[in-house]
Amino acid sequence: MTRGLLGRFGAGIITVFFVYALTFLMVVSIPGNPLQGGERKMSREVEAALRSRYHMDDNWRYFADFLGGALHADLGPSFSYPDWNCNQIILSALPVSMLVGGLAIIVALMLGVPLGVVSAARQGEWTDASFLSATLTCISIPTFVIGAFLLYIFAVRLHWAPIGGWGTLAHLPLPVLTLSLPFLAYITRLMRAGMIESLGSDYIRTAIAKGVSPRVAIWKHAFKPAFLPVLSYLGPATAQAMTGSFVVEKVFGVPGLGQHFVNAALNRDPGLVLSTVLVFSALLVAFNIVIDFLYTWLDPRIIEAV
Amino acid sequence: MMRSIVLICFGLLLPILVAYRFAEREPRADFTYVNPSGVHTLDPARMSWTQDFRIALNVWEGLTSWDPKTLAPIAGAAYFPPEISSDRLTYTFRIREDARWSNGDPVTAADFIRGWRRAMEPGTAADYAFLFTDHIAGAEDYVRWRQETFDLLKSLDTVAQAVEHDAAFDQAAKDAEEHFSNVAVESPDDRTLILRLTRPCPYFIDLTGFPTLLPIHKSIELLRAQYRGAPYNRLGLVTYDPQWTKPDYHANGYSGLVTNGSYRIADWQFKRRVRMTTNPHYRDAARLACRTIDMLEFDNLSASIMAYESGDVDFLTDLSVPYEHELFRRSTNGERPDFKSCKVLATYFFNFNCVDEEVNGRVNPFRDARVRRAFSLTADREHIVNNVLRRGDRVARSFVPHDAISGYGPPEGLQRNVEESRRLLAEAGYPNGEGLPLINILYSPSDEKVCQAMARTWEDTLNVRIDLRALESKTFAAEKREHRFMIARGNWYADYNDPTTFLDTLISQNGNNDSGYSNSEYDDRLRRANDASADEERFRILQDAERMVVERDCPILPILHRVEMIAVKPYVHGIIPNARLWFPFREIRVDR
């Protein structure tokens with residue numbers, strides 16, 4: 001098992017490297033001068049000084065320098081924010097995103113799993129139908145609509161929450177709830193599907209036929225295999241919630257990492273684009289490895305496959 | 001199993017929530033405002049955005065400042081007015097005795113020279129370095145020498161040429177002070193600053209309040225890059241640790257950012273907030289009504305408006321939301337007197353590509369001034385301003401806004417005349433638009449409405465076919481720079497209070513001349529204006545030059561002069577809408 005996990009770790013590093021190389025290729029290929037702030041043109045002297053400062057004269061050197069720096073936990077300067085380096089930007093934004101994203105996943109998990117189980121246990125009844133409709137609604141309506149709606153109701157009309165900013169407990173509920181809704185919906189549907197399949201299996205029917213109560217059959221025997229699809233979804237979902245919450249960050253003014261993903265690309269800030277992509281891909285790989293590990297814990301048969 | 005999941009979730013959730021619940025909360029600032037796109041930099045030499053200027057001019061103080069009502073220069077860290085020699089070339093400023101840095105040090109002439117030298121150094125990469133090279137005697141030669149030194153050291157920066165590189169570096173480091181001594185800025189004593197201009201410049205005093213000309217405290221030298229014991233980097237550039245703008249940065253004995261304005265930076269949280277507190281050593285510190293000021297950063301303009309409406313924010317500097325016309329309507333009908341309009345010194349226009357024979361494989365008809373004039377004569381500016389945008393902008397027929405620069409009257413410009421435009425088009429070989437290629441208009445998405453309306457007008461009146469190309473802003477700037485357009489949207493905000501801030505951009509060699517217009521007669525007129533001895537004569541020459549470009553040659557098509565809206569709570573006093581969006585915090589009083 002250790003060898004298997006080490007293999008996954010090695011494959012993860014190679015994956016991150018390829019993602020970095022591909023992103024670098026795109027960064028240097030797209031049109032637009034990263035050094036150009038607005039539409040006012042910079043003089044030759046200014047451009048030469050900036051190119052020298054950021055080692056932009058030689059793409060290969062920049063590629064190697066950035067990678068070397070990243071290996072020493074130094075992500076270099078940001079072009080769009082000259083007073084800050086990428087380490088400071090990531091360190092300022094990542095904890096915020098991890099908090100909002102982590103809480104959103106926890107909320108989604110705590111509500112989605114029971115809802116999925118109840119939905120599966122009452123398959124075909126109105127409870128099941130209403131849960132299915134609600135989840136479909138959560139998946140279909142974009143988060144910026146839900147976010148703006150919640151903001152209007154709870155912040156503008158009821159004054160129960162602040163409109164923007166960051167730093168207190170009151171700033172958390174609305175972005176967390178908004179971000180959690182699509183994940184909650186997916187988890188509910190995955191759990192429902194897993195549970196229906198699990199409840200239909202021979203050993204559960206046998207257990208019920210032998211007198212095991214439905215409650216025990218569901219929670220003790222059927223739950224574990226039914227939870228596996230949810231578990232495999234949790235890896236990418238957690239990484240996505242923690243780094244890809246741009247829309248929610250924009251609506252609620254949350255100073256997280258998602259905004260840098262988008263703004264760095266729009267600003268053609270190669271250092272920040274590469275830094276955010278590296279962080280995101282590393283997180284994605286790490287969460288997937290953790291999920292693989294949890295998988296083997298839940299279903300020992302997988303160890304053999306690994 | 002489910003119990004384990006619940007326990008794990010609660011185990012993760014509780015400590016986070018408890019930590020946040022008991023996290024230290026600072027009390028609300030006396031005055032809170034929103035800068036929607038935040039702060040790009042707090043380094044005055046590298047600033048080019050209005051929101052950065054606004055903070056800089058409140059935490060630093062230049063030789064002069066600007067009156068928020070009239071925008072005329074007033075006393076800053078130096079007494080006003082300065083002594084000006086009879087040939088209008090030499091300016092002598094006396095620094096005030098009570099001008100103090102936020103750490104109590106007196107502000108000296110050397111602090112200004114340090115700031116100016118740093119801003120003109122190529123290593124700083126200041127967008128506005130031209131303010132020195134264009135005006136101060138010797139500055140252009142100094143910068144050219146620095147650039148040549150940089151080019152030489154860069155060419156020698158290889159392992160094989162290490163010895164030659166170091167020898168050249170040592171020589172350059174030795175020569176630097178001698179070269180800088182030829183720049184005509186000197187301080188015979190701590191409180192006297194004397195500078196000499198290359199030629200008389202009637203608006204130079206106005207420039208001395210500009211952020212690029214702010215002083216820098218000597219403590220920054222602790223963070224200067226060194227190589228071989230000299231204060232230059234390996235390529236001979238003057239560079240500093242970019243963290244010097246942080247109030248809590250203490251590397252190498254640095255005490256954190258020291259400034260000389262009415263306020264100082266107390267805390268800067270990236271993409272969240274800048275907190276300013278009064279500078280205890282500022283001469284009028286006791287008079288300042290607001291002791292703490294917060295600048296919040298909201299990426300989402302609508303959220304900032306909601307925060308304003310709910311009372312969390314006292315002042316908004318930008319209301320350019322898609323429903324701005326509605327805010328303008330409420331402001332003008334008296335429903336919302338707290339929404340105010342500022343007639344900014346800015347012109348929104350279109351560039352015609354005057355140079356390239358072909359654009360994207362198609363013949364470019366705009367090389368012919370008659371075609372440019374024909375397109376200009378059909379523009380329906382009133383329709384754009386009154387029906388399309390509806391936010392109170394002013395119709396523009398000149399490049400320089402009317403009634404904006406004291407003593408200068410821009411030309412009338414072209415009135416709409418469809419018959420004349422058709423005649424001109426026929427004369428150019430395109431009767432009724434026949435023979436014209438597909439005309440492309442390049443713009444960024446925020447200009448969609450205006451470009452759609454313009455395209456429709458041209459299609460209807462001149463019988464041309466228009467290809468609208470909306471590009472994301474960076475790509476748009478790159479395409480415009482490479483001249484891959486026939487017509488491209490332009491936008492120019494004045495840097496200083498003089499017509500040349502607009503008209504210089506159409507000089508043949510100017511880097512911001514997007515249309516590629518090149519006319520020696522125009523260049524010559526601007527040169528003659530520079531040499532004119534009297535303001536009246538100078539303005540007359542500039543007016544003639546402007547008439548050439550907006551009525552005859554038409555490299556640009558002015559559309560409107562921007563009006564920008566701000567929102568000020570009724571209990572906030574001292575914010576005066578003005579053309580520079582300059583709001584000195586020292587004037588603000590909050591009576592909640």
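The structure displayed is predicted, hence computed values, not measured ones. (Residues numbered from 1 in each chain as written. Chains lettered and ligands numbered in written order. Predicted model: local features only at pLDDT ≥ 70, side-chain atom pairs only at ≥ 80, totals over all residues. Heavy atoms only, no water.)

Peer 1: Go over empty space enclosed by the protein, please, and point to the residues and values.
Peer 2: Residues and elements named next belong to chain B. Throughout the structure, instances matching the rule amount to 7 cavities of 30 Å³ or more. Computed from the structure, the largest cavity encloses a volume of approximately 100 Å³. Lining of the largest cavity is provided by 14 residues; of these, Leu 57, Trp 60, Glu 61, Ser 65 and Trp 582 occupy positions nearest its centre. In terms of residue count, the dominant contributor to the lining of the largest cavity is strand E2 (residues 64-66) (3 residues). Mapping the lining of the largest cavity onto the domain boundaries places at least three of its residues in each of domain 1 (2-39 + 258-341 + 567-590) and domain 2 (61-222). (1 Å grid on protein atoms, 1.4 Å probe; cavity = no way out; pocket = protein on both sides within 12 Å on 5 of 7 lines; lining within 4 Å. Points joined across faces, edges and corners; volume = space filled by probe spheres on them. Helix = DSSP H or I, 4+ residues; strand = E, 2+ residues; numbered from the N terminus. Domains from an automatic or database assignment.)

Peer 1: Summarise the confidence of the model for chain A; cite the residues concerned and give the values.
Peer 2: For chain A, per-residue confidence averages 85 on the pLDDT scale, and residues scoring 70 or more make up 94% of the total. For chain A, helix H13 (residues 301-305) of chain A is the element with the lowest average pLDDT, namely 60, and helix H7 (residues 173-199) of chain A is the one with the highest, namely 92. (pLDDT = per-residue confidence, 0-100.)

Peer 1: Can you explain a nonpolar patch on the surface? Please cite residues and give values.
Peer 2: A cluster of nonpolar side chains, namely A:Ile141, A:Phe144, A:Val145 and A:Val247, defines an oily patch on the protein surface of about 300 Å² accessible area. Here A:Phe144 lies in helix H6 (residues 143-157). (Patch = residues over 30% accessible without salt bridge, like charges linked within 9 Å, V, L, I, M, F, W, Y side chains within 5 Å. Areas by Shrake-Rupley, 256 points an atom, 1.4 Å probe, with all protein chains shown as cover. Salt bridge = Lys/Arg side-chain N within 4 Å of Asp/Glu carboxyl O.)

Peer 1: Got a sec to walk through the packing of H6(A) against H7(A)? Specific residues and values, please.
Peer 2: All names here are of chain A. Between H6 and H7, the least distance of the axes is 10 Å, while the angle of their chain directions is 145°. Considering only the axes of H6 and H7, their crossing is right-handed. Two secondary-structure elements touch here, H6 through Thr 143, Ile 146, Gly 147, Leu 150, Leu 151 and Phe 154 and H7 through Leu 174, Leu 177, Thr 178, Leu 181 and Pro 182. Of the residues that constitute the contact of H6 with H7, the class distribution is 8 nonpolar, 3 polar and no charged. (Axes fitted to C-alpha atoms, helices over the stretch in contact; angles between N-to-C directions. Left-handed = near helix turned anticlockwise from the far one by under 90°. Contact = heavy atoms within 4.5 Å. Nonpolar A, V, L, I, M, F, W, Y, C, P; charged D, E, K, R; others polar.)

Peer 1: Please give an account of helix H6 (residues 162-180) of chain B that cites residues and values.
Peer 2: Note: α-helices contain 3.6 residues per turn, so residues at a spacing of three or four share the same orientation. Residue and element names in this part refer to chain B. Taking 1.5 Å per residue as the helical rise, H6 with its 19 residues ought to reach 27 Å, and the 27 Å between its terminal C-alpha atoms agrees with that figure. Within the span of H6, buried status applies to His 165, Asp 166, Ala 168, Phe 169, Ala 172, Ala 176 and Phe 180. Residues of H6 that are buried make contact with helix H3 (109-120) and helix H5 (139-155). (Expected span 1.5 Å × (residues − 1). Buried < 20%, exposed > 50% of the residue type's maximum accessible area, 1.4 Å probe, protein only.)

Peer 1: How would you explain the nonpolar core if you had to name every residue and give the values?
Peer 2: Counting residues in each nonpolar core, the largest one holds 135 residues, and the members touching the most others are B:Phe31, B:Ile55, B:Trp116 and B:Met276. For this core, the element with the most residues is helix H12 (residues 270-298) of chain A, which contributes 10 residues. Two domains share this core, each providing at least three of its residues, namely domain 1 (2-39 + 258-341 + 567-590) and domain 2 (61-222) of chain B. Contacts of B:Phe31, omitting those with residues within four sequence positions, involve B:Cys290, B:Thr292, B:Ile293, B:Asp294, B:Asp314, B:Phe315, B:Val572, B:Ile575, B:Ile588 and B:Val590. If you look at the next biggest cluster of nonpolar residues, it comprises 69 residues, including A:Val113, A:Val117, A:Leu179 and B:Tyr308. (Core = buried A, V, L, I, M, F, W, Y, C linked by side-chain atoms within 4.5 Å.)

Peer 1: Help me get a handle on the domain arrangement of chain B, residues and values and all.
Peer 2: Residues and elements named next belong to chain B. Its domain assignment divides chain B into domain 1 (2-39 + 258-341 + 567-590), domain 2 (61-222) and domain 3 (345-564). Averaged C-alpha coordinates put domain 1 and domain 3 at centres separated by 38 Å. Listed as interface residues are 8 residues of domain 1 and, on the opposing side, 10 residues of domain 3. Approximately 840 Å² of surface area, both sides summed, lies buried where domain 1 meets domain 3, with 52% of it carried by carbon and sulfur atoms. If you sort the residues of domain 1 by the area they bury against domain 3, Glu 324, His 325 and Arg 580 come out on top, with a joint share of 50%. Counting the contacts that link domain 1 with domain 3 gives 0 salt bridges. Here domain 1 and domain 3 share 1 residue pair in polar contact (both at pLDDT 80 or more) between them. In terms of residue count, helix H9 (residues 324-332) provides more of the side of domain 1 that touches domain 3 than any other element does, 3 residues in total. Per-class residue counts for the side of domain 1 that touches domain 3 are 3 nonpolar, 2 polar and 3 charged. (Buried area = accessible area lost by both parts, 1.4 Å probe. Polar contact = N/O pair within 3.5 Å; in protein donor to acceptor, adjacent residues only side chain to side chain.)

Peer 1: So, the interface of chain B and chain A: which residues are in play, and what are the values?
Peer 2: By a widely used convention, the size of an interface equals the accessible area lost when the partners come together. Listed by partner, the interface residues are 63 residues for chain B and 65 residues for chain A. Approximately 5700 Å² of surface area, both sides summed, lies buried where chain B meets chain A, with 62% of it carried by carbon and sulfur atoms. Seen at the junction of chain B and chain A, the total is 1 salt bridge. A salt bridge links A:Arg268 to B:Glu472; its shortest N-O distance comes to 2.6 Å. Scanning the region where chain B abuts chain A turns up 10 residue pairs in polar contact (both at pLDDT 80 or more). Those elements that place two or more of their residues in the side of chain B that touches chain A are helix H1 (2-21), H5, helix H8 (301-309), helix H14 (473-481) and strand E18 (487-493) of chain B. Tallying contributions element by element places H1(B) first for the side of chain B that touches chain A, with 10 residues.

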